[in-house]
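Here are the chains, one letter per residue:
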Amino acid sequence: MSCSTSDTPTPTLRVDPLHKGEGKGRLERLLRPKSIAVFGGSQAAAVVKQCLKMGFAGDIWPVHPTKDKVEGIRTFRSVAELPAAPDAAFVGVNRFLTIEVIAQLAERGAGGAICFASGFLEAGSDDADGERLQGELVTVAGQMPVIGPNCYGLINYADGALLWPDQHGGQRLAPGTRGVAIITQSSNIACNLTMQKRGLPVAFLMTAGNQAQTGLSQMTLGLIEDERVSCLGLHIEGFDTVDGFERLAARARELGKPIVAMKVGRSEQARKATISHTASLAGSDAASDAFLKRLGIARVDTIPSLLETLKLLHAVGPLPGFTLSSMSCSGGEASVMADNAEGRRLRFPALTPEHYTRIKSTLGAFVAVANPLDYHTFIWNDEPAMTATFTAMASGGFDLNMLVLDFPRNDRCSDADWWPTVRAFEVALKTNGARGAVVASMSENLTEDHAADLFSRGIVPLQGIAEAMDAAEAAATIGEAWRRDPSPLRGGSIGGADRGGVVHDASAVPSEVTPSARFAGTSPSRGEDTQLDEAAAKSLLRDAGLTVPAGRRAASVAEAIAAAEALGYSVALKALGVAHKSELGAVRLSLKNAEEVGAAASALLPLGTGLYVEKMVSGGVAELIVGVTRDPLFGPVMTIGTGGVLVELIKDSATLLLPASRGEVEAALKGLKMYPLLDGYRGRARADVGAAVDAIIAIAGFVSDYADRIEELDINPLIVCGEGQGAWIADALLVTSSPLPNGERVAAQAAG
């Protein structure tokens, strides 16, 4: 009657909207049970054993058709024979019998169930029964919460309730104390997490499995209300619902309980650069990153960094800023600390003259005072001297003070001389009311006992310099997010200037393209989607008030010359219906007379479906890419980055979810590596940054107007000119799932 569970990645499923009471009330009985029923063979017996071992004070009711006792506890033959409806049940039988047991538990009024069995939807198309059984499982459960299937379950270290079919390395949370809650979509990762020796106090650990009915965000909402939970850590393979995570983030902020996530999938190329540059930059992982950032949920990339961040958040919560101090008795360690902050938002600010003097007065003449500080070994094991130096250093108002300290191994050495350093640091922090962490450069050089002692002194024990930096940056990022007003994910308006921006001379010549001609030359692409050529796309953007240079479609050399004469030189000439024009030589720039236009037109006509003649933009300072793709979960996702022909090579971009505020757009621009070019790098002309922001907001507004029809918009480049000269859409690709205004009529005319 037992079965095994797999640890294969599980599909992302939207949770049935029936279950919107995701908080403490709906999952209360399951998460904090007073009675537990267990079903199955060896796994069920393991659950009973672990509950007894952890000192669970409630009732345990094994259910088995033939055994009289399980781990010394009397069994029952069926759900109907149980003394009452159990608060929680661990169902460790095969997948077919699981459906029957869940139906009986729901009918009896149980508080919830863990479904251990695998072989449901995660089995994939090779198993015809998997999808059907998962649907049946959700149906028979009704209103009763079900976790899984294909999951290990729940460890409640606060109450000693373990719906867990295996050994674990954790310990019961001491009464009156708090710990972290961790939820993972991998049962094996969950097992590994219980074996951590980093001193992290854990109150709850939970696995999500297939999320057939109850999603990750619902589970987290159920745990966050517990007063014994200090912060939360999530291992995410896929989001259950956008709304659920929005509610979770809002509630976490209300309760002051920060969340850190390890979202896997950075290496996944969910979108290939088949048509546009934007698709190569704005994969699903970029959207996930933007989503978590908007919610104020920090993201880390490794399991050690997840654990170290949880330790920091558990002890001190979000950090108010990104400034650090570091102290060590080694110049080498000081250098490693400084190097590990490079490329991050974290910084070791230079000491002010007053602060420098204060520290210098506590050290000898041969010690160079700086941040990070190498205080040398002159004062090692001199507790009063170290206290004076550490107190002076910690008086600088840093957001986090770090002391690099690797303890000797206790089996071969003595750590007696290390404790004066710890005590000196403790006094320094308390004197200044400052936050502090002891950072071991190697994780094995700070044991669980050391960590427990440091926690008791109000010092955060962090293992690994890179992991400590990850933790500090994550905690500061949450602090920053909590200080700003929450941003709506969907709905609302796009802030800033009117979308049209300022009209400049480049678009003063009216376009010859009529509304009916604007959709001529469209070509089917990506299934039922339609890709508009550049002429049609730009006409739509121009009509919407965006800053697009004047341009005309041409079908021959003569028409191209006539269009250039009407627009005025100099002009650009492009082959229509060609993606990545620069790579294929399908564009000619700065054509200054009819002879040049004629020669270029003759060369380009064979390459595409026609020609497009456009007024040249002059005075360009920098080129941006601005693109929008539709993410199946998050909706429109905007990418802003360094534009031009080297987009994929440079990969200097930022991702925003729409709608986005003006402040978010400005912050995205300022975060680009190329921003100094916009800001007048080394005496160069400063770009019209305000016009660039206006243009980006206008592009976002255009997409919002047709959000149900636009699949992809790729503008590369957006040419940003000098101050007062605007920002111009120099190339545009637009893919729609259904025609935009006048599309049906235009398509019919084009076909005729």
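In this report, the structure presented in the accompanying data block is examined. Computed from a prediction, not measured in an experiment: that's the story for all the values here. (Residues numbered from 1 in each chain as written. Predicted model: local features only at pLDDT ≥ 70, side-chain atom pairs only at ≥ 80, totals over all residues. Heavy atoms only, no water.)

A few points about the overall build of the protein chain
Point 1. Looking only at helices and strands, one finds 25 helices and 31 strands in the protein chain.
Point 2. Going through the 752 residues of the protein chain one by one, you find that 55% of them count as buried.
Point 3. Excluding contacts between residues fewer than 6 apart, the proportion of contacts in the protein chain whose partners are at least 24 apart in sequence is 73%.
Point 4. Just so you have it, the protein chain exposes about 29400 Å², and 51% of that area is on carbon and sulfur atoms. (Helix = DSSP H or I, 4+ residues; strand = E, 2+ residues; numbered from the N terminus. Buried < 20%, exposed > 50% of the residue type's maximum accessible area, 1.4 Å probe, protein only. Contact = heavy atoms within 4.5 Å. Areas by Shrake-Rupley, 256 points an atom, 1.4 Å probe, with all protein chains shown as cover.)

Comments concerning the pattern of salt bridges
Point 1. Under the defined criterion, the tally for this structure stands at 35 salt bridges.
Point 2. Residues Arg 299 and Asp 289 are paired through a salt bridge, measuring 3.1 Å at the closest nitrogen-oxygen approach. One end of the pair, Arg 299, is in strand β14 (residues 298-299); the other, Asp 289, is in helix α9 (residues 284-295), with 10 residues separating them in the sequence.
Point 3. Judged by its relative accessible area of 15%, Arg 299 falls in the buried class.
Point 4. The class of Asp 289 is partly exposed, set by a relative accessible area of 32%.
Point 5. A salt bridge links Arg 344 to Glu 473, with the nearest nitrogen and oxygen atoms 3.2 Å apart. Note that Arg 344 is positioned in the loop between α11 (331-341) and α12 (353-360) and Glu 473 in helix α16 (residues 465-483), a separation of 129 residues in sequence. (Salt bridge = Lys/Arg side-chain N within 4 Å of Asp/Glu carboxyl O.)

Some points on the nonpolar core
Point 1. Core analysis: the largest hydrophobic core is formed by 106 residues, its most contacted members being Phe 245, Met 402 and Phe 634.
Point 2. Counting residues per element, this core draws most heavily on α16, at nine residues.
Point 3. Core analysis: the second largest hydrophobic core is formed by 47 residues, Ile 640, Val 665, Ala 698 and Leu 734 among them. (Core = buried A, V, L, I, M, F, W, Y, C linked by side-chain atoms within 4.5 Å.)

Some points on the packing of helix α18 (residues 557-567) against helix α20 (residues 594-604)
Point 1. Where α18 contacts α20, the axes come no closer than 9 Å and their chain directions differ by 140°. Relative to α20, the element α18 is oriented oblique. Seen along the crossing, α18 lies across α20 with a hand that is right-handed. Two secondary-structure elements touch here, α18 through Val 557, Ala 560, Ile 561, Ala 564 and Glu 565 and α20 through Ala 594, Val 597, Gly 598, Ala 601 and Ser 602.
Point 2. Partitioned by chemical class, the residues of the contact of α18 with α20 number seven nonpolar, two polar and one charged. (Axes fitted to C-alpha atoms, helices over the stretch in contact; angles between N-to-C directions. Parallel < 35°, antiparallel > 145°, perpendicular 65-115°, else oblique. Left-handed = near helix turned anticlockwise from the far one by under 90°. Nonpolar A, V, L, I, M, F, W, Y, C, P; charged D, E, K, R; others polar.)

Points about the sheet that holds strand β9 (residues 161-163)
Point 1. A sheet is described by the order of its strands in space; here seven strands give the open sequence β9-β8-β11-β10-β12-β13-β14, paired in mixed fashion. Looking at the sheet topology across the chains shown, the edges are occupied by β9 and β14.
Point 2. Here strand β10 (residues 179-184) pairs with strand β11 (residues 202-207) via five bridges, running parallel. Looking at β11, one finds that Ala 181 is bridged to Phe 204. (Pairing = 2+ DSSP bridges.)

With respect to the sheet that holds strand β6 (residues 113-115)
Point 1. Read across the sheet, five strands follow the order β2-β1-β5-β6-β7 without closing on themselves; strand pairing throughout is parallel. Looking along the sheet, the strands with just one partner apiece sit at the ends: β2 (59-63) and β7 (146-147).
Point 2. With five bridges connecting them, strand β1 (residues 35-40) and strand β5 (residues 88-92) associate as parallel partners. What sits directly across from Val 38, in β5, is Phe 90.
Point 3. Packed on one face of the sheet, helix α3 (residues 95-108) meets β1, β5, β6 and β7 and runs near 165° to β5.

Regarding the pairing of strand β15 (residues 324-328)
Point 1. Within β15, five of the five residues are buried, leaving the element largely enclosed by the surrounding structure.
Point 2. Residues Leu 324, Ser 326 and Ser 328 point to one face of β15 and Ser 325 and Met 327 to the other, with burial holding for every one of them.

Regarding the packing of aromatic side chains
Point 1. Per the counting criterion, the structure on display carries 13 aromatic pairs.
Point 2. Between Phe 239 and Phe 634 the ring centres are 5.6 Å apart and the planes differ by 75°, which places this aromatic pair in the edge-to-face class. In this pair, Phe 239 is assigned in the loop between β12 (229-236) and α7 (242-255) and Phe 634 in the loop between β26 (620-631) and β27 (635-642), connecting sequence segments 395 residues apart. Taken as a pair, Phe 239 and Phe 634 share a single burial class, namely buried.
Point 3. Taking the centre distance of 5.3 Å and the plane angle of 70° together, the rings of Tyr 375 and Phe 390 count as edge-to-face. Placement of the pair is Tyr 375 in the loop between β16 (373-374) and α13 (383-393) and Phe 390 in helix α13, with a sequence separation of 15 residues. The residues Tyr 375 and Phe 390 share a single accessibility class, namely buried.
Point 4. Put simply, the rings of Phe 90, Phe 116, Tyr 152 and Trp 164 pair up and form one aromatic cluster. (Phe/Tyr/Trp six-rings, centres within 6.5 Å; stacked < 30°, edge-to-face > 60°.)

Concerning the pairing of β26
Point 1. Where β26 lies against strand β29 (residues 710-721), eight bridges are found, and the strand directions are antiparallel. Each bridged residue has a counterpart across the sheet, and for Gly 627 the counterpart in β29 is Asp 714.
Point 2. In terms of strand pairing, β26 meets β27 through eight bridges, oriented antiparallel. By the bridge assignment for β27, Gly 627 is matched with Thr 639.

A short note on empty space enclosed by the protein
Point 1. What the rule picks out here adds up to two cavities of 30 Å³ or more.
Point 2. Estimated volume of the largest cavity: approximately 50 Å³.
Point 3. Lining the largest cavity are Lys 293, Gly 296, Ile 297, Ala 298, Arg 345, Thr 477, Ile 478, Glu 480, Ala 481 and Arg 484.
Point 4. It is α16 that provides the largest number of residues to the lining of the largest cavity, a total of four residues.
Point 5. Looking at the lining of the largest cavity residue by residue, the class counts come to four nonpolar, two polar and four charged.
Point 6. The volume enclosed by the second largest cavity comes to roughly 30 Å³.
Point 7. Along its surface, the second largest cavity is lined by Val 38, Gly 40, Gly 41, Ala 44, Ala 45, Pro 62, Val 63, His 64 and Val 70. (1 Å grid on protein atoms, 1.4 Å probe; cavity = no way out; pocket = protein on both sides within 12 Å on 5 of 7 lines; lining within 4 Å. Points joined across faces, edges and corners; volume = space filled by probe spheres on them.)

Topic: the environment of Ile 729
Point 1. Mapped onto the elements, Ile 729 comes out in strand β30 (residues 727-729).
Point 2. As for Ile 729 and Asn 716, which are separated by 13 residues in sequence, their C-alpha atoms are 7.5 Å apart.

Looking at the environment of Gly 321
Point 1. Locating Gly 321 in the fold gives a position in the loop between α10 (303-316) and β15.
Point 2. Between the C-alpha atoms of Gly 321 and Glu 473, which are 152 residues apart in sequence, the distance is 8.9 Å.
Point 3. For Gly 321, the contacting residues outside a window of four places in its chain are Asp 399, Ala 476 and Arg 483.

With respect to the packing of helix α22 (residues 662-670) against helix α24 (residues 689-705)
Point 1. Contact geometry of α22 with α24 gives a least axis separation of 10 Å together with a crossing angle of 120°. Judged by the inter-axis angle, α22 sits oblique to α24. Crossing of α22 against α24: the hand is right-handed. Contacts between α22 and α24 involve Arg 662, Val 665, Glu 666 and Leu 669 on the former and, on the latter, Val 689, Gly 690, Ala 692, Val 693, Asp 694, Ile 696 and Ile 697.
Point 2. A class-by-class count of the residues in the contact of α22 with α24 yields seven nonpolar, one polar and three charged.

Re α11
Point 1. Of the residues making up α11, those classed as buried are Ala 334, Met 337 and Ala 341. When α11 is viewed along its axis, its buried side chains cluster within an angular range of 60° and face the same direction.
Point 2. Packed against the buried residues of α11 are β15, β16, β17 (400-404) and α16.
Point 3. Backbone geometry just after α11 places Gly 343 at a positive phi near 80°. (Arc of directions from axis to C-beta.)

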